[in-house]
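As a plain string of letters, each chain reads:
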Amino acid sequence: MTDRDIALLLADAADEVEIGIAPYQAVIRGGRRRRARRWALATAAALVITGTSGTLALAGLRDGNGVEVSPAVTQQATVPSTPEERHVYAPQETMLAAGTERGEEWYISVDVWGAPLTKAEAEAQLKAMDGRHEEPWDKDHASALVGKTTYFVRRTFGSGDPGLLMGDSAAKEDTMRGTDLKSGATSLDPKKTDGPQRLVVGQVASTAQAVTCTWKDGSSTVARRVAAGADVNSGEATIRPAAGSPDYWFVCVAPAGKTYESAEVTTD
């Protein structure tokens, strides 16, 4: 049995596992790809990755005629010229949701940092991230960020400073597909970490039309797809694009007193 066979068997055993509180916990994405991913959760008590799409990435790429293409050649043809154009040293920020809770305004946003192409770019990116108090899971190994987009989801509540909710680094082949979903649930108010897990934030494929967030009492909230720039103050749960991210992002907030049970991509 090869190392690859063993790795796939281990992934099968871990598929569809739900992970509890554990910052920078390694988790497994469901579906045929089953890649180990890291997801930083500051206060979340629930984390799940699901999905049924995707294929195992092999060594070579093929063009439309089935001819294998060198990855180096493909990269050279598609990469923008400067780190600044790729947003390596300054992230693109997108507001995902906003609202009011007991007279306090809250906001959820995501910072997306472009992929560095060299270790030197990655080291400079780490310094820029530190200036925003953002810390990737592999901060001690800059080379691990090469070729990967890194994101950080932030929550601001009331007059408090923006706080990190979650973060990850992902290569192009990790882009969500089909019904893939990655989500975390936590309290809406960061001061009430032991309160109901009412806030659900996650990633889905850019083709997803709806995500159903189900609460423990059996009721549910449906997040529906909206266009870039759509009003974040509508009070509706939404799925929206984020600048620099190949995946779309959704936010659900449960009514007061309810708490998170599950989330899944749906057709409704």
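You'll find the structure just up there.
All right, on to the packing of aromatic side chains then. Here the structure, examined in full by the defined rule, presents 1 aromatic pair. With a centroid separation of 4.9 Å and an interplanar angle of 80 degrees, the aromatic rings of tyrosine 151 and tryptophan 249 are classed as edge-to-face. Of the two residues, tyrosine 151 is situated in strand 9 (residues 149–157) and tryptophan 249 in strand 16 (residues 248–253); the sequence distance between them amounts to 98 residues. No difference in accessibility class separates tyrosine 151 from tryptophan 249, as the two residues are buried.

Within this structure, the stated rule accounts for 12 salt bridges. The residue glutamate 121 makes a salt bridge to arginine 86 at a minimum N-O spacing of 2.9 Å. Of this pair, glutamate 121 sits in helix 3 (residues 119–131) while arginine 86 is found in the loop between helix 2 (71–78) and strand 7 (92–101), placing the two residues 35 residues apart along the sequence. In terms of burial, glutamate 121 and arginine 86 fall into one category: buried. With a closest N to O distance of 2.7 Å, arginine 198 and glutamate 101 form a salt bridge. In this pair, arginine 198 is assigned in the loop between strand 11 (181–186) and strand 12 (199–204) and glutamate 101 in strand 7, connecting sequence segments 97 residues apart.

Further remarks concern the state of the cysteines. In total, this model carries 1 disulfide according to the counting rule given. Put simply, cysteine 213 and cysteine 252 are joined by a disulfide, and their sulfur atoms are 2.2 Å apart. For the disulfide bridge between cysteine 213 and cysteine 252, the dihedral angle about the S-S bond is near 75 degrees, and by the sign convention the bridge is right-handed. Placement of the pair is cysteine 213 in strand 13 (residues 210–215) and cysteine 252 in strand 16, with a sequence separation of 39 residues.

Let us now look at the pairing of strand 16. Counting buried positions over the 6 residues of strand 16 gives 5, a clear majority of the element. The pairing of strand 12 with strand 16 spans 6 bridges and is antiparallel. Each residue of the ladder has a partner; that of valine 201, found in strand 16, is valine 251. As paired strands, strand 15 (residues 238–241) and strand 16 are joined by 4 bridges and run antiparallel to one another. Looking across to strand 16, one finds that proline 241 is bridged to tyrosine 248. Between strand 15 and strand 16, which follow one another and run antiparallel, lie 6 residues, and glycine 244 among them has a positive phi close to 85 degrees.

So, how was this worked out
- Residues numbered from 1 in each chain as written.
- Predicted model: local features only at pLDDT ≥ 70, side-chain atom pairs only at ≥ 80, totals over all residues.
- Heavy atoms only, no water.
- Phe/Tyr/Trp six-rings, centres within 6.5 Å; stacked < 30°, edge-to-face > 60°.
- Helix = DSSP H or I, 4+ residues; strand = E, 2+ residues; numbered from the N terminus.
- Buried < 20%, exposed > 50% of the residue type's maximum accessible area, 1.4 Å probe, protein only.
- Salt bridge = Lys/Arg side-chain N within 4 Å of Asp/Glu carboxyl O.
- Disulfide = S-S within 2.5 Å.
- Pairing = 2+ DSSP bridges.

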